[in-house]
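Next come the chains, spelled out residue by residue.
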Amino acid sequence: MELLELAKEVASCIQAWGPKTDEEFLSLAQAIAEAQGRPLREPVPEGAFKLMSVACFPPSKAEAVFLSSGTTGATRSRHLIHDLALYRLSAMAGFRHFCLYPPMPRQVITLIPEASKRPQSSLSHMVSFILEEGWERPPVIGREGERLALEKVESALLLAHSSDLPVLLLGTTLDFLALFEGVPCPLPPGSRIMHTGGAKARGKEVDRQEFIAQVGEYLGIPPDDVVEEYGMTELLSQAYDAPRVSGGKRRFVPVPWMRSKVLDPRTMEEVALGEEGLLCHHDLANVYTAVAILTEDLAVRAEDGFFSVRRAPTASPRGCSQEAAES
Amino acid sequence: MSLEEALCRLVQAWHDAGPRVEAAQQDLCLSTGWPEAHAREAIRRAFAPFTPAAIRRLVRPGRGGQRPEYLLAILAGRVPAVAVNALFWSLAAGVPVRLKSPAIEPTFARHLVRSLWEVAPELQAFASVVSRAEAEALLPLAPVCLAYGSDLTMAQVADKRKGLLTILGGHRESFAVIYQEALTSRSRIGQAARLVAEDVAIYDQSGCLSPHYCLVEAKEARPFAEALLDALAKNPIPFGTYPAAQLAPVRLRVEEARFMGALVLSGPAIPPAVVLLKEDMPALEGPGFRVVQVMPFVGQPDLDALLPRLRHKVQGVAVGGDRGRLSALFDLYPAFRPCRVCGLGRLQRPPALWPENGVVVTRFLARQGCER
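Residues numbered from 1 in each chain as written. Chains lettered and ligands numbered in written order. Predicted model: local features only at pLDDT ≥ 70, side-chain atom pairs only at ≥ 80, totals over all residues.

1. Description of the overall build of chain B
Across its full length, chain B holds 14 helices and 12 strands. Rg of the C-alpha trace for chain B: 21 Å, near the compact-globule value of 21 Å for 372 residues, within the 12% margin. For chain B, the spread of C-alpha atoms along the principal axes amounts to about 60 × 45 × 35 Å. Taking all 372 residues of chain B together, the buried fraction comes to 51%. Contacts in chain B between residues at least 24 apart in sequence constitute 72% of all its contacts with a sequence separation of at least 6. (Helix = DSSP H or I, 4+ residues; strand = E, 2+ residues; numbered from the N terminus. Rg over C-alpha atoms; globule rule 2.2 N^0.38 Å. Buried ≥ 20, exposed ≤ 12 C-beta atoms within 10 Å, placed from the backbone. Contact = placed C-beta atoms within 7 Å.)

2. As for the interface of chain B and chain A
Contacts between the two partners involve 44 residues from chain B and, on the opposite side, 31 residues from chain A. Only helix H8 (151–160) and helix H11 (244–259) of chain B provide two or more residues apiece to the side of chain B that touches chain A. Classifying every residue of the side of chain B that touches chain A by side-chain character gives 25 nonpolar, 13 polar and six charged. (Nonpolar A, V, L, I, M, F, W, Y, C, P; charged D, E, K, R; others polar.)

3. What about the environment of Met 126 of chain A?
Inspection of the secondary structure puts Met 126 of chain A in helix H5 (residues 122–131). As for Met 126 of chain A and Leu 6 of chain A, which are separated by 120 residues in sequence, their C-alpha atoms are 23 Å apart.

4. What to know about the pairing of strand E9 (residues 192–196) of chain A
Residues and elements named next belong to chain A. Among the five residues of E9, five are classified as buried, and the element is accordingly described as predominantly covered. Side chains of E9 alternate between two faces, with Arg 192, Met 194 and Thr 196 and Ile 193 and His 195 buried alike. Crossover handedness for the path strand E8 (residues 167–172) to helix H7 (residues 173–179) to E9: right-handed. (Right-handed = clockwise from strand over helix to strand, strands pointing away.)

5. Let's talk about the domain arrangement of chain B
Residue and element names in this part refer to chain B. Splitting chain B by domain gives domain 1 (3–171) and domain 2 (173–343). The centre of domain 1, based on its C-alpha atoms, is set 29 Å off from the matching centre of domain 2. Tallying the contact residues gives 12 residues for domain 1 and 10 residues for domain 2. Tallied by class, the residues present in the side of domain 1 that touches domain 2 amount to five nonpolar, five polar and two charged. (Domains from an automatic or database assignment.)

6. Digging into the nonpolar core
The biggest cluster of nonpolar side chains holds 214 residues, and the ones touching the most others in it are Leu 284 of chain A together with Cys 214, Leu 228 and Val 294 of chain B. Ranked by residue count, the leading element in this core is helix H5 (residues 80–92) of chain B, at 10 residues. When sequence neighbours within four positions are dropped, the list of residues in contact with Leu 228 of chain B reads Ala 193, Val 196, Ala 197, Cys 214, Val 274, Val 292 and Val 294 of chain B. (Core = buried A, V, L, I, M, F, W, Y, C linked by C-beta atoms within 7 Å.)

7. Points about the packing of helix H1 (residues 3–16) of chain B against helix H6 (residues 108–119) of chain B
Residue and element names in this part refer to chain B. Close contact between H1 and H6 brings their axes to 9 Å; oriented N to C, the two are set at 120°. When the axis of H1 is compared with that of H6, the two are oblique. In the crossing of H1 with H6, the sense of the turn from one axis to the other is right-handed. Each of Ala 6, Arg 9, Leu 10, Ala 13 and Trp 14 in H1 lies in contact with H6, whose residues at this interface are Ser 115, Leu 116 and Val 119. The residue inventory of the contact of H1 with H6, partitioned by class, reads six nonpolar, one polar and one charged. (Axes fitted to C-alpha atoms, helices over the stretch in contact; angles between N-to-C directions. Parallel < 35°, antiparallel > 145°, perpendicular 65-115°, else oblique. Left-handed = near helix turned anticlockwise from the far one by under 90°.)

8. Concerning the sheet that holds strand E12 (residues 340–343) of chain B
Residue and element names in this part refer to chain B. Taken together, seven strands build an open sheet; the order of strands is E8-E9-E10-E7-E6-E11-E12 and the sheet is mixed. Because the sheet does not close on itself, it has two edges, and the strands there are strand E8 (263–266) and E12. Averaged over all pairs of adjacent strands, the angle between strand axes in this sheet comes to 20°, irrespective of strand direction. As paired strands, strand E9 (residues 273–276) and strand E10 (residues 291–297) are joined by four bridges and run parallel to one another. Across the sheet, residue Val 275 finds its bridge partner in E10, namely Gln 293. Across the sheet, helix H13 (residues 323–332) touches strand E6 (173–178), strand E11 (314–320) and E12, and the angle it forms with E11 is around 145°. (Pairing = 2+ DSSP bridges.)

9. Some points on helix H4 (residues 84–99) of chain A
With 16 residues, H4 of chain A extends 21 Å from end C-alpha to end C-alpha; this agrees with the ideal 22 Å at 1.5 Å per step. Among the residues making up H4 of chain A, those that are buried are Leu 86, Tyr 87, Ser 90, Ala 91, Ala 93, Gly 94, Phe 95, Phe 98 and Cys 99 of chain A. (Expected span 1.5 Å × (residues − 1).)

10. Focus: the environment of Ala 17 of chain B
All names here are of chain B. Here Ala 17 lies in the loop between H1 and helix H2 (19–32). Given 14 C-beta atoms within a 10 Å radius, Ala 17 is considered partly exposed. As a C-alpha pair, Ala 17 and Pro 52 span 35 residues in sequence and 18 Å in three-dimensional space.

11. Notes on the pairing of strand E5 (residues 165–169) of chain B
Within a regular strand, the side chains alternate between the two sheet faces. All names here are of chain B. For strand E4 (residues 144–148) and E5, the ladder comprises five bridges, and the chain directions are parallel. Each residue of the ladder has a partner; that of Cys 145, found in E5, is Thr 166. Handedness of the crossover joining E4 and E5 through H8: right-handed.

12. Details of unusual backbone geometry
In terms of backbone geometry, most residues other than glycine have negative phi values and most peptide bonds are trans. All names here are of chain B. With an omega of -20°, the peptide bond between Ile 270 and Pro 271 qualifies as cis. For Pro 271, the location among the structural elements is in the loop between E8 and E9. The phi angle at Tyr 203 is positive, at roughly 80°, despite the residue not being glycine. Relative to the elements of secondary structure, Tyr 203 occurs in the loop between helix H9 (186–201) and strand E7 (211–217). Judged by C-beta crowding, with 28 C-beta atoms within 10 Å, Tyr 203 ranks as buried. A positive phi angle, near 55°, is found at Asn 357, a position not held by glycine. For Asn 357, the location among the structural elements is in the loop between E12 and helix H14 (361–371).

Written as structure tokens, this is what we have:
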């Protein structure tokens, strides 16, 4: 089957919140892998996106190029996007399902810049899609260039507080930590936040429990309304830790068109429940690049997802020069 | 008791395997993930260079002068030999030593120092273990410091010790060069592979004296690569129980190599694995453990092209075949000249007085006394 046909099939699946069964998922994933010319059991390592163009189409035909944030001097991952509409469909279906549970928020305030300001950020594209959702009250973009516009955000929070209408705040985990250095501003009931990137924050240790407690202290938002999104430049679909939707113990649950496995790095077999391993995603929306991706993230396996995500160390223990800074 | 006698007794105590040694072995297993046999071999190798004759050569009577008051040794990694070397090298020069254990393996140095106190109570003031906080406080004060760690850590140490005597042991790596004369028959290929596997398997680490790159003079290096995988799989040093976080980079680097077109030879589980790189493909960042990158060459290898990351960072080179050709290689590529050159299978058995990171510590310390 051709990639275009497969993309249409994936889009239908997303619209129907499917695939509904494992067999259906596997059959579509295998068809995509076959069309991409790489067996499903040989996932493309995340690092490959740094080393070369991973795409099943001429790079000149890319509608967008997403780059990972990357630290200074580090090579950044490059994901060529052939079909932005498919990304929009995938990202928004997941967002609506996991973040727009009742009572519906009436306004969105984002600490993340929109796509026009960061065209190479997949997250900013997602934010732009969200801003275009048709909110009852005009969205607030709490960003001026690369800088967080804290005063603007605080004013928006105060207005939201007095209006008594629930709001949704979007931001990276580190953005929120910057916000929490200001004056607390409790938000109306039903408000929630969606944060992302906490697991991968470099140079700053972010304790999830502590973060959730801070959200409560600063914004008056209960723990169950602190939604965390897991995404990466190399994926077009996401997983969410959304307690009000997924119930049970906190964990990331992927959208149905993405399956996330936690693999033993030695054998590439799935680890037992509760054990840690390398995260591997099969993302059907990645129909034009790599359906199976072996990430550089470690996570613990849950029944229908994963938790305790952290970046894998970049290197193995060294001889006499093991990082003494760890000591 | 003379210093020489005390050091000999210390070695004997570790050979005799009393309760102290058993406890050290158990702790080492817990902190490193090594099986008992691996820990036992690591400890054996740590003391092996210190034969009575070697100790006699180490402990030469001083030529006078006041020795440094003490050596602060900031240890790193999980190999017990690092602590043993620091202690022997320092004491042999008549300099008391304060050892700071590595975070990754915080147990062995303590056992080592206590065992010294047990065999030679009069040397109690000559060796101690300091905590991280104590080491940090001593760093800008210690008369001499021997520090191991990453390049970043080395820069931080150097910064805090401007104008003070400091021996830095940053990250270095090792490789093997196997010329065609060592690969003339199937059995010689097997023998070379077995010897390389021996040096790779011990400690399950990355860098230092573990040769994770094999430069093979052959148009077709696959027979050697297959023999090496077989030798790694059959190596008697048992593979440990390492957490996913330690093995994750191994899997990631192997899959990246595969994705870039390298041939990956492995069983159902890695490590072990042998990555046969395409001709002229530079070595990837070494994943360590029992993963070796094999690089074919003809004539002499182009070290600048094949091992660009190792410039000025080579700890050891093991050679199979003509050593004269190896000398010629380093004349061509002086930035790759190693601290240690030896035959295959000998890298991880350095002698007592080897110039680790280019410095013979005992002589360095003894010289300080003469120069005062």
